[in-house]
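Below, each chain spelled out in residue letters.
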Amino acid sequence: MIAPLASSAAKSSKSGFFVPRHVAIIMDGNGRWASARHLPRLAGHKKGADAVKKTVRAAAEMGIEVLTLYAFSSENWRRPASEVADLMGLLRLCLQQEMQNLKEKGICLKVIGDYTRLDQDLVSLLNKAIEITADNTRLTLVFALNYGAQDELVHVTRLIAKQACKGLLDPDNIDVSTIESFLYTRDLPPLDLVIRTSGEKRLSNFLLWQAAYAELLFIDTLWPDFDSETLKTAVEEYARRERRYGGL
Ligand code: IPE
Ligand code: IPE
Ligand code: MG
């Protein structure tokens, strides 16, 4: 028997249109933005970091509850060491500059992915930011760092197997909700909308389980050009979609 799915109810925003509760973005195209201007890739990543700030502000103003941003995938370690170092340096700088601002603006920071594999000082900065913003409720900002959906499902499987070995869980009782209770996203509302910038039409190992019934939106805008207007247009497109979850 399949229970009817509880849809993530859209709610009316201050701006008058319906907004999704949980939006995730695959922020792609920083390198191409820079190449088009004959600039080093780092210039694209820097402009991309500005787009993150604008988008977080816009999401909070629009009444989105959760914004999940794919910042560094478990496959991005395959890039040249210098680019990985640039990305980590930028993350470090942004955390140092914005941590207090996040706290003051009512934004709660969470991280998904095995971020403990990042440099130790970055792990400490992230833990501090998570801790000082934990009680904020205006917007939950989720950074996907060293995140891979396949890794996440391996992690979940191990946890479930350990419980089963200890006799705490009967394998015959494992169901969708058991798996969801072990995902990194277990405390977040269901994923409503995934946006990928830069024209690529793939998920690149992002939230594969959670995207089962999310709406997908692929746009040509390169991430550094993304702003509050782009987000608004995406949310308006979402509001026009009809979600059926297999029903009628
Ligand atoms: C997204 O931009 C940033 C990360 C993946 C960290 P890219 O760096 O992938 O930019 P393109 O795809 O090369 O243009
Ligand atoms: C996906 O972008 C990862 C992030 C945005 C962090 P990539 O640029 O790494 O994806 P592929 O390699 O084009 O699939
Ligand atoms: Mg890319």
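As the structure is a prediction and not an experimental result, all values here were calculated from the model.

Colleague: Please clarify how the UniProt feature "active site" (unreviewed entry) in the protein should be interpreted in this entry.
Modeller: According to UniProt, the feature "active site" (unreviewed entry) maps to D28 and N76 in the numbering used here. Spanning 49 residues, the annotated positions come together in the fold, the maximum distance between their C-alpha atoms being 12.0 Å. Mapped onto the elements of the fold, D28 is located in the loop between β3 (22-26) and α1 (30-35). Excluding its chain neighbours within four sequence positions, the residues that come into contact with D28 are R196, T197, S198, E200, L222 and W223. Residue placement: N76 occurs in the loop between β4 (66-73) and α3 (81-104). By relative accessible area, N76 is classed as buried at 16%. Polar side-chain contacts of N76 include one of 2.8 Å to the backbone nitrogen of S73.

Colleague: Sorry, what's going on with the packing of α3 against helix α4 (residues 120-132) here?
Modeller: Packed helix pairs are specified by the crossing angle of their axes together with the interaxial distance, meaning the distance between the axes. For the pair α3 and α4, interaxial distance at closest approach is 10 Å and the crossing angle is 20°. If you check the angle between α3 and α4, you find them roughly parallel. The hand of the α3/α4 crossing is left-handed. Residues M88, L91, R92, L95, Q96, M99, Q100 and K103 of α3 form the contact with α4, whose own contacting residues are D121, L122, L125, L126, K128, A129 and I132.

Colleague: Got a minute to help me understand the site of ligand 2 in this structure?
Modeller: Inspection of the region around ligand 2 gives I26, M27, D28, Y70, A71, F72, S73, N76, R79, R196, R202 and S204 as its neighbouring residues. Within the side chain of D28, one N or O atom sits 3.2 Å away from an oxygen atom of ligand 2. The contact in question runs from an oxygen atom of ligand 2 to an N or O atom on the side chain of N76, over 2.9 Å. Broken down by element, the residue count for the shell around ligand 2 peaks at four residues, all from β4. Counted by class, the shell around ligand 2 contains five nonpolar, three polar and four charged residues.

Thresholds, definitions, all that
- Residues numbered from 1 in each chain as written.
- Chains lettered and ligands numbered in written order.
- Predicted model: local features only at pLDDT ≥ 70, side-chain atom pairs only at ≥ 80, totals over all residues.
- Heavy atoms only, no water.
- UniProt positions renumbered as here; feature names shortened; annotations may be inferred.
- Helix = DSSP H or I, 4+ residues; strand = E, 2+ residues; numbered from the N terminus.
- Contact = heavy atoms within 4.5 Å.
- Buried < 20%, exposed > 50% of the residue type's maximum accessible area, 1.4 Å probe, protein only.
- Polar contact = N/O pair within 3.5 Å; in protein donor to acceptor, adjacent residues only side chain to side chain.
- Axes fitted to C-alpha atoms, helices over the stretch in contact; angles between N-to-C directions.
- Parallel < 35°, antiparallel > 145°, perpendicular 65-115°, else oblique.
- Left-handed = near helix turned anticlockwise from the far one by under 90°.
- Near = heavy atom within 4 Å.
- Nonpolar A, V, L, I, M, F, W, Y, C, P; charged D, E, K, R; others polar.

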